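# Observations on chain architecture
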Amino acid sequence: MPKTFYITTPIYYANSLPHLGHLYTTIVADAIHRYKKQRGFDVYFLTGTDEHGVNIQRAAEKNDRTPKEQVDYISGELKRMFAEFGLGPENGGYDIFMRTTEPFHYEGSQHLWREIAKNKTPKGNETIYKGFYEGWFCAPCAEFKTEEQYYVPDGSKTPHCPIHERPLDKVAEESYFFRLSDYDDWLIETIEADPKLLRPEARRNEVLSFVRGGLQDLSISRQKSAVSWGVPVPDDEDHVMYVWLDALSNYITALGYGNDRGGSTGVQKYWPAVHFVGKDILRFHTVYWFSFLKAAGLELPKTVYAHGMWLDADGRKMGKTLGNVIEVDVLHQHFQVDAVRYFALREMVFGQDGKFGYETLIDRANADLASGLGNLASRTFSMISKYRDGLIPSGKIAEDNYIHARRAGMDPDGGEIVSVLKHARDEFIRRFDNFEFSQALETLWTVIARIDKMISDAKPWELVKDEKQSETLNAVLYRATETLRWLSVMLYAVMPGAAREIYRQIGLGDDIEKIDPASLKWGELQPGTPIGETSAIFPRIDKSKVMNDITKAEPLASASETTADTETAPNASVGAEPSADGSAPETRDNFITIDDFLKVELRVGEIKVAERVPKADKLLRFEVDLGEDQPRQILAGLAEYYDPEKLIGRKVVVVANLKPRKMRGLESQGMICAASLTEEDSPAIATFLEDVKIGARLK
RNA sequence: GGCGGCGUAGCUCAGCGGUAGAGCAAGGGUCUCAUAAACUCUGGGUCGGAAGUUCGAAUCUUCCCGCCGCAACCA
């Protein structure tokens, strides 16, 4: 029985089109899976889509599709992108494209629910209990109101709707809860006990400190009337499973947990997994997932590894508003897949964020791939053709010729090169096993430099003119070629296509994916092997031309992207759905009457004082003159976008009859109106072009 | 303001108690097998600032400044 290895990407949330984040995580997982296969593991590689939840429903509505059509569309697009980048099964990529709408997943996740419910928490309580998701409901609004959205009039105990000025009904949506609060001690102990469990270390500490801050029980269901698109809770038709329980369980249901999908796969065989996730969803994959697994009596993952995010070339977050997004279509159109893979793995350093720019990518590809690896292959093969009729010569130097070899600066028995390579190979394996891809690759590039130097020092073009140096020349060529063989075997996981091509050009077969780097032995390359047909493996990229093409095409690409408008959630990364907590049933229609509108008292105010609130990143404190006896103190989350001093004297629109509310210990007596398109978008404060009187009412 | 991290050559970073390093970029030289490639020489950087511990600090301590992450605070 071969050792098994199970690697997963997150299943990507099917409300947004594929992007660089999806591509990156999948490339990394693919590289690991190829590497582990070479190392002799029986590997199972999972990726896929998370297809339930209210955000999918909304995205579907927005695009005039049924939820099913929506998720079919997105998962289709993802598969298409993966195929383009050679990550699909047809290219030896993922083994399963998991979809949470598969019937077997329904069975499996429901089974998981039942198993969790059977057990007790580490503190001896019921794991799942039925509770109430209490809320105040305004029937006319058809909406739950949160604490910030209602007010309690004097002399009444019942909250009132600020829009309809009527008492709210206390409605409790029934919900199942997972007793997460009982898992804190266990989580801390478990995570601390195994340094491999949660990586890298900085992230591990973050999670630990989060858990130490205390955990709240987790609502793990929604009422079907509110969210219908999901896996039904077992034995309770009225409820649907909360997305994270549903989504996370995919990692085991895909292996046949709780369903009859099995055959070659199986929980016993492949579980536990190594999960590769973006750092933004780390908490779900640790705090929640670990607890669910523990509750169900299952083993925890071997490792949850949180990788960094890609920033743009200047180190800023990528976003539509900034227009600095790397488009996967552009990558595919202008770059070799292997160059993209190399860049992704070389440029993102272990656990840190990376910068991704087309220019940086070109520089890397030209320096490392074209001038480095590609050129080494090219000069080596060219000399073999020219000097040795295309046959790989023997690397052996007879002792009588040692003196000549030494004169040419060559180590006669080649021991030095061999030890350099062995060392590099061990280092490569150590780094790769540790997911330190960047350093692993760096190690190999020192080898390339070393061999380039060997060639330059030995000067084959002079050796060829001297009969006595025939063996020295042979040795140079043999060592260079043998090094290329080693390199290509090690690089296969990172650049499958290019590695295979180098291998072929050396004149070897195409079983490279089966060769274990650890088993490489110097000298296995047979002298006399005719090299294959050669051509440039990494053609040099014309930087100015390609950059030109990209920048020309760019505005078009981003324009069509925005009109396509498939995205709803602004979540940059993978598999992330914001907590469904407290989100309310949708309103029937969007019209309000003039009376409704007039209930909102909008007044013109002049900002007298504006300053940052200490201890708060986003909060500004204003004193606004509304023409009343006292200026109002108003707090607003604008600190990230406005310089307080510049706002003083500005006339703004204030919601004057908003229920006062305390924030950061300060009472906010109103609200300053500002416009923004999305959460991410920077807001613009509403102002007047004409001179208006302070206190004037807007209607 | 809480917790954590970072600040070292133009850029990316390594070094983490004993006289400042690597890669890339730039400039000079050599060479021609090669994808204008490779090889080679060239970096005089207050190691963010200040104070302290020490025979000795980029390396330990404290304070300050500036970034970033997590959490909290906005709609």
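Model, not experiment: these values are computed from the prediction.

By the element assignment, Gly-695 lies in the loop between strand E24 (684-685) and strand E25 (697-698). Sequence separation between Gly-695 and Leu-373 is 322 residues; the distance between their C-alpha atoms is 72 Å. Beyond its immediate chain neighbours, meaning those up to four positions away, Gly-695 contacts Arg-603, Val-604 and Leu-626.

This brings us to the sheet that holds strand E11 (residues 236-241). Taken together, the three strands give an open sheet; going across it, the order is E9-E11-E10, and neighbouring strands pair in antiparallel fashion. The strands lining the two open edges of the sheet, one partner per strand, are strand E9 (221-223) and strand E10 (232-233). Here E9 pairs with E11 via three bridges, running antiparallel. Each bridged residue has a counterpart across the sheet, and for Ser-221 the counterpart in E11 is Met-241.

Further remarks concern the pattern of salt bridges. Side chains that differ in sign of charge can pair as their charged atoms come close. Per the stated rule, a full pass over the model turns up 42 salt bridges. Residues Arg-431 and Glu-436 are paired through a salt bridge, measuring 3.0 Å at the closest nitrogen-oxygen approach. Assigned by exposure class, Arg-431 and Glu-436 land together as buried. The network of salt bridges with common partners includes Lys-36, Arg-39, Asp-433 and Asp-516.

This part is about the confidence of the model for chain A. With 83% of its residues at a pLDDT of 70 or more, chain A shows a mean pLDDT of 84. Here residues 556-590 scores under 50 on pLDDT; set against residues more than four positions off or in separate chains, the count is 79 contacts. This complex was scored by the predictor with a pTM of 0.81 and an ipTM of 0.92.

This brings us to the packing of helix H18 (residues 470-491) against helix H19 (residues 496-506). Packing of H18 against H19 leaves a shortest axis separation of 8 Å and a crossing angle of 155°. Taken as axis vectors, H18 and H19 run roughly antiparallel relative to one another. The crossing of H18 and H19 is left-handed. Contact residues: Thr-481, Leu-484, Arg-485, Ser-488, Val-489 and Leu-491 in H18; Pro-496, Ala-499, Ile-502, Tyr-503 and Ile-506 in H19.

Here we come to the sheet that holds strand E13 (residues 303-307). Across the sheet, six strands lie side by side as E3-E2-E1-E12-E13-E7; this open sheet has parallel pairing. A single partner strand is all that each edge strand has here, and the edge strands are strand E3 (96-99) and strand E7 (198-199). For E7 and E13, the ladder comprises two bridges, and the chain directions are parallel. What sits directly across from Arg-199, in E13, is Tyr-305. Seen against the sheet, helix H1 (residues 20-38) touches strand E1 (4-13), strand E2 (42-50), strand E12 (274-278) and E13 and runs at an angle of roughly 170° to E1.

Mapped onto the elements of the fold, Gln-505 is located in helix H19. The exposure class of Gln-505 is buried, given its relative accessible area of 1%. At 3.0 Å, the side chain of Gln-505 forms a polar contact with the backbone oxygen of Ser-535. Beyond its immediate chain neighbours, meaning those up to four positions away, Gln-505 contacts Phe-381, Ile-531, Gly-532, Glu-533, Thr-534, Ser-535 and Ile-537.

Cis peptide bonds are those with omega within 30 degrees of zero, and the linkage from Arg-199 to Pro-200 qualifies with -5°. The residue after Trp-271, namely Pro-272, is reached through a cis peptide bond having omega 5°. Note that Pro-272 resides in the loop between helix H9 (267-270) and E12. The phi angle at Lys-459 is positive, at roughly 50°, despite the residue not being glycine. Here Lys-459 shows up in the loop between helix H16 (437-458) and helix H17 (460-463).

As enumerated under the stated definition, the model contains 32 aromatic pairs in all. Their ring planes at 25° and their centres at 5.1 Å tell us that Tyr-44 and Tyr-270 sit as a pair that is stacked. Of this pair, Tyr-44 sits in strand E2 while Tyr-270 sits in helix H9, and the two are 226 residues apart along the sequence. Neither residue differs from the other here; Tyr-44 and Tyr-270 are each classed as buried. Aromatic side chains Phe-428 and Phe-432 sit 5.3 Å apart centroid to centroid with 40° between the ring planes, which places their arrangement in the tilted category. Placement of the pair is Phe-428 and Phe-432 together in helix H15 (residues 415-433), with a separation of four residues, close to one helical turn. The exposure class of Phe-432 is buried, given its relative accessible area of 2%. Among the aromatic residues, ring-to-ring pairing joins Tyr-35, Phe-276, Tyr-305, Phe-428, Phe-432, Phe-435 and Phe-437 into one connected group. Just above the ring of Phe-104 sits the side chain of Arg-261; from NZ or CZ to the centre is 5.0 Å.

Turning to helix H3 (residues 67-84), a few remarks are in order. Helix length check: H3 (18 residues) gives 26 Å between terminal C-alpha atoms against 26 Å at 1.5 Å per residue, within 8%. Looking only at H3, the buried set comprises Gln-70, Val-71, Ile-74, Ser-75, Glu-77, Leu-78, Met-81 and Phe-82. Relative to the axis of H3, the buried residues are bounded by an arc of 150° and lie together on one face. On its buried side, H3 packs onto E1, H1, E2, helix H2 (54-62), E3 and helix H11 (328-334). Gly-86 sits one or two residues past H3 and shows a positive phi near 70°.

Of all ten residues in E1, nine are buried, a share of seventy percent or more. Sheet analysis places E1 next to E2, joined by eight bridges and oriented parallel. Along E2, the bridge assignment pairs Ile-11 with Gly-48. Tracing the backbone out of E1, into H1 and back to the parallel element E2 gives a crossover that is right-handed.

Cut-offs used in this document
- Residues numbered from 1 in each chain as written.
- Chains lettered and ligands numbered in written order.
- Predicted model: local features only at pLDDT ≥ 70, side-chain atom pairs only at ≥ 80, totals over all residues.
- Heavy atoms only, no water.
- Helix = DSSP H or I, 4+ residues; strand = E, 2+ residues; numbered from the N terminus.
- Contact = heavy atoms within 4.5 Å.
- Pairing = 2+ DSSP bridges.
- Salt bridge = Lys/Arg side-chain N within 4 Å of Asp/Glu carboxyl O.
- Buried < 20%, exposed > 50% of the residue type's maximum accessible area, 1.4 Å probe, protein only.
- pLDDT = per-residue confidence, 0-100.
- Axes fitted to C-alpha atoms, helices over the stretch in contact; angles between N-to-C directions.
- Parallel < 35°, antiparallel > 145°, perpendicular 65-115°, else oblique.
- Left-handed = near helix turned anticlockwise from the far one by under 90°.
- Polar contact = N/O pair within 3.5 Å; in protein donor to acceptor, adjacent residues only side chain to side chain.
- Phe/Tyr/Trp six-rings, centres within 6.5 Å; stacked < 30°, edge-to-face > 60°.
- Lys NZ or Arg CZ within 6 Å of the ring centre and 35° of its normal.
- Expected span 1.5 Å × (residues − 1).
- Arc of directions from axis to C-beta.
- Right-handed = clockwise from strand over helix to strand, strands pointing away.

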